Amino acid sequence: MESLLSLKPLLLATLQSGDYVGFTFFLGAMAMAAASVFFFFEMRNVDGKWATSLLVSGLITFIAAVHYYYMRDFWIENQVSPTEFRYIDWMLTVPLMCVEFYLILKAFGAKIGLLWKMIFYSVWMLVAGYLGETVFRDSSPLWGFISTLGYLGILWEVWFGSAKKLANASNDPVLQRAFKALAWFVLAGWAIYPIGYMSIEGSGWLSGVLATSSMDLIYNIGDAINKIGFGLVIYSLAISSSKSTATATAT
Ligand SMILES: *C/C=C(C)/C=C/C=C(C)/C=C/C1=C(C)CCCC1(C)C
C-alpha cells in the first residue's frame, strides 16, 4: 500500500516558477513538434525534387522533439543536464544537417564522398564533446579543442572546400543565397554550443562566469535557432525554386 501511495504521477511533469532552464525545455519540445508538422505538411507545396529536403528538415525537428520530451522530464526530475539524451539527439540530427547540404548540392554534382566526409567531421566533433562532458570532465578544455577540430573541418568544407566550390559553380542564385545562409548557420549558429560547453563546472573556461545551469539554457537556444532556422532556410529555398520552375514552365 505504501509503495502505491508513494508513486509519483507519471505523466504530469511539474515546472517550478524560476526554473528557466526547464522553461526552455518545455518551449523547445513544443516548438520542435510544431516545426515538424509544418515541414511535413509543406512537402506537398514544393516540387518533387525538394520533397526529400523538407522531409529531412522535418525529421531533424521531429527527432529533437522526442528527445526534448525525454530531456524535459529528466531535467524536471533531477535538475541536472540530460547529457546522454542530448548527445544521442545530436548524433542523429547533426549528420542529417550534413545530408541537407548534400541534397541541395546533389543536382550540381555533389558526390556521396562529400557527405561521408562531413558526417565523419560531425561524429568526431560530437564524440570528443561527449567525452569532455562525461568521462574526461576534468580535462574538458582538451576535449573541447579536439572536438573543435571536427567543427573546423565542417566549417572549412562549407566556406572554402568542395561544398562551397559546387555552390559557386552552380550559377543558381537561389541556391547560392540559401547555401550562404546555411553556411552562416554553421559559423554563427553552431558557435553557440562551445559557449555552453565552456560552462562545465571547474574545468570549463567560463565556469567562473556562467552558472552550471546555463549550459542547457545555451544548448536549448542553439537547438531552436539551428534546427528550426536551418529547416526554414531549406523551406524558403524549396518554395522559391518551385515558384521559378512554375514560371519558367508557364512562359
Ligand atoms: C541540432 C544540433 C546541433 C546543430 C548541434 C551542434 C553542436 C555543435 C556544433 C557542438 C560543438 C562543440 C564544440 C565545437 C566544442 C565543444 C564541444 C561541442 C560538442 C559542444
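Located above this text is the structure these notes cover.
Because the structure is predicted, anything quoted here is derived from the model rather than measured. (Residues numbered from 1 in each chain as written. Predicted model: local features only at pLDDT ≥ 70, side-chain atom pairs only at ≥ 80, totals over all residues. Heavy atoms only, no water.)

### Thoughts on the overall build of the protein
Our working rule: Under the scheme used here, helices are H or I runs from DSSP no shorter than 4 residues and strands are E runs no shorter than 2 residues, and both carry numbers assigned from the N terminus. Atoms counted for the radius of gyration: C-alpha only. Globule rule: 2.2 Å times residue count to the power 0.38. Burial classification: accessible surface area is computed with a 1.4 Å probe over protein chains only, and a residue below 20% of its type maximum counts as buried, one above 50% as exposed, and the rest as partly exposed. Note that accessible areas follow from Shrake-Rupley with a 1.4 Å probe, and for residues the cover is restricted to the protein chains shown. Only four residue types enter the tally: Lys and Arg on the positive side, Asp and Glu on the negative side, with His and both chain ends excluded. For charged residues, the charge sits on one atom: NZ in Lys, CZ in Arg, CG in Asp, CD in Glu.
Within the protein, the regular secondary structure consists of 10 helices and zero strands. Against the compact-globule benchmark of 18 Å for 251 residues, the protein has a radius of gyration of 20 Å, which places it among compact chains. Overall size of the protein, expressed as C-alpha extent along the three principal axes, is 75 × 40 × 30 Å. Here the protein holds 251 residues, and 47% of them are scored as buried. Accessible surface for the protein amounts to roughly 12900 Å². Of this, 71% is attributable to carbon and sulfur atoms. Distance between charge centroids for the protein: 15 Å, based on 15 positive and 16 negative side chains.

### Comments concerning the side chain of S140
Rules: Contacts are assigned to residue pairs that have any heavy atoms within 4.5 Å of one another.
Its location among the elements puts S140 in helix α6 (residues 140–159). Discounting residues that sit within four places of it in the chain, S140 has contacts with G132, Y197, I200, S203 and G204.

### As for a nonpolar patch on the surface
Where we set the bar: By definition, no residue in a patch forms a salt bridge, and every one has over 30% relative accessible area; like charges are joined within 9 Å, nonpolar side chains (Val, Leu, Ile, Met, Phe, Trp, Tyr) within 5 Å. We define a salt bridge as a contact between a side-chain nitrogen of Lys or Arg and a carboxyl oxygen of Asp or Glu at a distance within 4 Å.
Nonpolar side chains collect at one region of the surface, where I88, M91, L92, V123 and V127 lie side by side and expose about 360 Å² of accessible area between them. Breaking the nonpolar patch down by element, the ones donating at least two residues are α4 (83–106) and α5 (112–133). The element that contributes the greatest number of residues to the nonpolar patch is α4, accounting for three residues.

### Structural notes on the packing of helix α7 (residues 162–169) against helix α8 (residues 173–189)
Rules: In this analysis an axis means a line fitted to C-alpha atoms, helices contributing only their contacting stretch, and an angle means the value between N-to-C directions, from 0 to 180 degrees. Any angle that is under 35 degrees is reported as roughly parallel, and any over 145 degrees as roughly antiparallel; angles of 65 to 115 degrees are reported as roughly perpendicular and all others as oblique. Ten residue types, Ala, Val, Leu, Ile, Met, Phe, Trp, Tyr, Cys and Pro, are classed as nonpolar, four, Asp, Glu, Lys and Arg, as charged, and the remainder, Gly among them, as polar.
The geometry of α7 relative to α8 is characterised by a closest axis approach of 8 Å and an angle of 150° between their N-to-C directions. Put simply, α7 runs roughly antiparallel to α8. Contacts between α7 and α8 involve A163, K164, A167 and N168 on the former and, on the latter, L175, Q176 and F179. Its residues assigned to classes, the contact of α7 with α8 shows four nonpolar, two polar and one charged.

### Examining the packing of aromatic side chains
In this description, a pair of aromatic rings is defined by centroid distance and the angle of the planes. Just so we agree on the cut-off: Classification of ring pairs uses Phe, Tyr and Trp, with its six-membered ring standing for Trp, and accepts pairs whose centres are within 6.5 Å; under 30 degrees between planes counts as stacked, over 60 as edge-to-face, and the remaining range as tilted. The criterion is that NZ of a Lys, or CZ of an Arg, lies within 6 Å of the ring centre and within 35 degrees of the ring normal, and then a charge sits over that ring.
Under the definition given, this model contains 19 aromatic pairs. For the ring pair F25 and Y68, a centre distance of 5.9 Å and an interplane angle of 50° mean the geometry is tilted. Separated by 43 residues along the polypeptide, F25 in helix α2 (residues 20–42) and Y68 in helix α3 (residues 48–78) bring together distant segments of the chain. As far as the burial class goes, F25 and Y68 line up, both buried. Taken together, a centroid distance of 5.5 Å and an interplanar angle of 65° make the contact between Y87 and Y130 edge-to-face. Here Y87, found in helix α4, pairs with Y130, found in helix α5; they are 43 residues apart in sequence, far enough to count as distant. Among the residues examined, Y87 registers a relative accessible area of 6% and is labelled buried. Ring pairs connect the aromatic residues Y87, W90, Y130, Y193 and Y219, which therefore count as one cluster. The ring of F26 carries the charged tip of R72 above its face, separated from the ring centre by 4.4 Å.

### Observations concerning the pattern of salt bridges
Inspection of the entire model under this criterion finds six salt bridges. Residue K117 is joined to E157 by a salt bridge in which the shortest nitrogen-to-oxygen separation is 3.4 Å. Of this pair, K117 sits in helix α5 while E157 is found in helix α6, placing the two residues 40 residues apart along the sequence. For K117, a relative accessible area of 34% translates into the label partly exposed. Look at the salt bridges and you will find they share partners, linking R86, D89, D216, D223 and K227 into a network.

### Here's the deal with the environment of A29
Inspection of the secondary structure assignment puts A29 in helix α2. Sequence separation of A29 and A246 is 217 residues, and the distance between their C-alpha atoms is 36 Å. Not counting residues within four places of it along the chain, the set of residues in contact with A29 comprises A65, Y68 and Y69.

### Section: the site of the ligand
Where we set the bar: Any residue with a heavy atom positioned within 4 Å of a molecule or strand is treated as near that molecule or strand.
Around the ligand, a shell composed of 18 residues is seen, among which W90, M125, S147, Y193 and K227 lie nearest. Relative to its unbound accessible area of 530 Å², the ligand is 99% covered by the protein chains. Elements that contribute at least two residues to the shell around the ligand include exactly α4, α5, α6, α9 (192–197) and α10 (214–250). Among the elements that make up the shell around the ligand, the one with the highest residue count is α4 (five residues).

### Side note on α6
Convention followed: Take the residue count of a helix, subtract one, and multiply by 1.5 Å to get its expected span.
With 20 residues, α6 should reach 28 Å at 1.5 Å per residue; the first-to-last C-alpha distance of 27 Å fits that figure. At its buried positions, α6 is contacted by α4, α5, α7, α8 and α9.

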